[in-house]
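Read off the chains here:
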Amino acid sequence: NDGNKSIFSRSLRKALNQCIENNEQAILLLNRRGFANYVFCRDCGYAHFCDHCSVPLIYHSHDNLMRCHHCNAQTPLLKECPECQSPRIKQAGLGTQRLELEVRRNFPEAEVVRLDRDISRKRHGMQEVWEKLNAQISSAKSQILVGTQLVAKGMDLPNVTLVCAVHAESGLFSTDFNAAERTFQLLTQAAGRAGRHDKPGKVIFQTYNPENRILQYAAKHDYASFYEAEIIGRQ
């Protein structure tokens, strides 16, 4: 409403700037890898789906390919629409590659590290990320770690003072009956990465649905209320 078209809310931007000023670490969780969630034609609305799995192909900018995250089929980025031959092809949505790019563009004074399956399956990929994160203390430079659910579990970094789940509600829209439970688990696990040692931590769930009860329970770490509400739907 006030003209902020950035993917960073005012509160997140302020918190990241505070981290950078204090030479601390921040984690941005976005459980969607790639650069764009789907590719479509702006003239006729055609969207490119996987021929085998009937799900949208995800655009990856580093090799300019569209990939299926189910069967790993891949194809070059469309230059024109196969339906109407229009060249007006657009990549839409947000993945970790694009989030990394936007963080670098908006916070150039911080070192940005990305961790998702594209990184972890490379030889020594996880080790290189871990070494960068642990070298931060001696380098006295702020770091922003961008990643999928890999950043939410097992990370014990004393200098992480901020965790933000970008599009915190995205996991709720799956057709899986476990969607609410998995979202609750992921958000509470990610929140636990901040302030694990001497420094206090702050957690932001950035969402278009702040009134959603699952997000409210996760923000309060209210396991009991989540269970009581969820078990009714399960039954």
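Our structure is the block above this text.
Residues numbered from 1 in each chain as written. Predicted model: local features only at pLDDT ≥ 70, side-chain atom pairs only at ≥ 80, totals over all residues. Heavy atoms only, no water.

A few words now on the pattern of salt bridges. This structure, assessed with the given rule, holds 12 salt bridges. Here Arg234 makes a salt bridge to Glu181, at a shortest N to O gap of 2.5 Å. Pair noted here: Arg234 is in helix α7 (residues 223-234) and Glu181 is in helix α5 (residues 179-191), with a separation of 53 residues, a long-range link. Given a relative accessible area of 34%, Arg234 falls into the partly exposed group. By sharing partners, the salt bridges in this structure join Glu100, Arg104, Arg114 and Asp116 into a single network. (Salt bridge = Lys/Arg side-chain N within 4 Å of Asp/Glu carboxyl O. Helix = DSSP H or I, 4+ residues; strand = E, 2+ residues; numbered from the N terminus. Buried < 20%, exposed > 50% of the residue type's maximum accessible area, 1.4 Å probe, protein only.)

Moving on to the packing of α5 against α7. Packed helix pairs are characterised by how far apart their axes lie and by the angle those axes make with each other. Viewed as axis vectors pointing N to C, α5 and α7 meet at an angle of 165°, and their least axial separation amounts to 11 Å. The pairing of α5 with α7 is recorded here as roughly antiparallel in orientation. Between α5 and α7 lies a crossing of left-handed hand. Along the contact surface, α5 presents Ala180, Glu181, Phe184 and Thr188, while α7 presents Tyr223, Phe226, Glu230 and Arg234. (Axes fitted to C-alpha atoms, helices over the stretch in contact; angles between N-to-C directions. Parallel < 35°, antiparallel > 145°, perpendicular 65-115°, else oblique. Left-handed = near helix turned anticlockwise from the far one by under 90°. Contact = heavy atoms within 4.5 Å.)

Read from one edge to the other, the open sheet built from five strands follows the order β7-β8-β1-β9-β10, with strand pairing classed as parallel. Looking at which strands have only one partner, the edges of the open sheet turn out to be β7 (111-115) and β10 (202-206). If you compare each strand with its neighbour and ignore which way they point, the axes differ by 15° on average. Relative to strand β9 (residues 160-166), strand β1 (residues 25-29) is paired through five bridges, and the arrangement is parallel. Following the sheet pairing, Leu29 is matched in β9 by Ala165. Running at roughly 155° to β9, helix α1 (residues 10-21) makes contact with β1, β8 (143-147), β9 and β10 of the sheet. With respect to the sheet, α5 is in contact with β1, β9 and β10, its orientation differing from that of β9 by roughly 160°. (Pairing = 2+ DSSP bridges.)

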